[in-house]
Amino acid sequence: MQSLTKGTKLVVASHNPGKVWEINQLLAPYGLNAVSAGELGLSEPEETETTFQGNARLKAIAAAAGSGLPALADDSGLEVDCLDGAPGVYSARWAGPGKDFSVAMKKVADEITTRGGWGEPPKANFISVLCLAWPDGDTRIFEGKVFGHLVWPPRGGNGFGYDPMFVPEGAEQTFGEMEPAEKYAISHRTRAFAVFKASTLEHLQPVNVDERPARGRDIAALSAAAASLSTKLEAAAFVTHLKADLKANRPEWVNVTLEDYLDALELQLKDAPASEEPAWRQLAKALLAASVKNR
Ligand code: IMP
């Protein structure tokens, strides 16, 4: 297997801004230069496999072949014991064409009810499978899981997807109620990445966090949050982050007065194409768009 060195350009084989942001956070300290498949204009292959490994491999191989660069793909999902592992590889699809996870969570809760599975807290786990592929077709797989149980109704406005109904082992809060850093410390993706790091990045010295250049306004993090939220509580948490961003980065906001902000919001809403996305996500995107330069 070839190795990754400082400055290597690596494609993150995803069009999901939340995932790209999370993987970038993990790669940045190692001096790897990550670009997303979306930025390179690569098309997203259909996830036709029936396993996480198969889908991660398929996405990584397509991105490596399409770009001529090494590519890292992630396939992840929620597995519920009493549903025989469902929704599993179909975790994203249970949210329907609008990717509405309030719908997907309700579906999971209803299926558990049908199976009489709420007697004991239903056991579940998140799983993340990473695949690193090279343009010559060489691949390696890394896996991470976090175990816990589900609750209903969902709780908390942080995170995304099924976070508000998942309580990790040893905790009382759902992933949706935890601070992002708390979830991040134990998440399935972090664990899969730890395996990837141990075997692939061990020769690279991580940059001391304090020596990393100070980062300005983190638009990518805000965009990722806006693009992946589904519920009212997640929209409320997004507004909290937007307020913090205004406080910290006021000079970078294009529309600082309420009048300018409302003008921009009006234009943004008039121009927005019809969308199947959850209304809370559309609202968050509109709010964010009113505070950044037109691009
Ligand atoms: P895929 O990996 O893009 O096929 O999508 C996996 C789906 O699993 C996501 O759309 C989420 O709904 C769900 N999922 C994966 N990781 C997480 C997580 O950390 N929290 C909540 N849901 C997740």
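The coordinates are above.
Attention here is on the structure that accompanies the text. Because the structure is a prediction, the values reported are computed rather than measured.

**Details of the site of the ligand**
In the vicinity of the ligand, 16 residues are found, and the nearest of them are Lys-19, Ser-76, Phe-101, Asp-163 and Lys-183. Interatomic distance of 2.9 Å between a backbone N/O atom of Ser-76 and an oxygen atom of the ligand. Within the side chain of Asp-163, an N or O atom sits 2.6 Å from a nitrogen atom of the ligand. Protein contacts shield 93% of the accessible area of the ligand, which totals 490 Å² for the unbound molecule.

**Description of the nonpolar core**
In this structure, Leu-4, Leu-27, Leu-32, Leu-132, Phe-196 and Leu-201 are the most contacted members of the largest nonpolar core, which totals 20 residues. Here this core takes four residues from helix H1 (residues 17-27), the largest share from any one element. Setting aside anything within four residues of it in sequence, one finds Leu-201 in contact with Leu-4, Tyr-30, Leu-32, Phe-193 and Phe-196.

**Focus on unusual backbone geometry**
The omega angle of the peptide bond from Ala-86 to Pro-87 is 0°, so this bond is cis rather than trans. Relative to the assigned elements, Pro-87 resides in the loop between strand S3 (71-80) and helix H3 (101-114). Cis geometry is found at the peptide bond from Trp-152 to Pro-153, where omega equals 5°. Note that Pro-153 resides in the loop between strand S5 (139-150) and strand S6 (166-168). The backbone of Asp-84 shows a phi angle near 55°, a positive value even though the residue is not glycine. Relative to the helices and strands, Asp-84 resides in the loop between S3 and H3. What makes Asp-84 exposed here is its relative accessible area of 67%.

What counts, and at which threshold
Residues numbered from 1 in each chain as written. Predicted model: local features only at pLDDT ≥ 70, side-chain atom pairs only at ≥ 80, totals over all residues. Heavy atoms only, no water. Near = heavy atom within 4 Å. Polar contact = N/O pair within 3.5 Å; in protein donor to acceptor, adjacent residues only side chain to side chain. Areas by Shrake-Rupley, 256 points an atom, 1.4 Å probe, with all protein chains shown as cover. Core = buried A, V, L, I, M, F, W, Y, C linked by side-chain atoms within 4.5 Å. Buried < 20%, exposed > 50% of the residue type's maximum accessible area, 1.4 Å probe, protein only. Helix = DSSP H or I, 4+ residues; strand = E, 2+ residues; numbered from the N terminus. Contact = heavy atoms within 4.5 Å.

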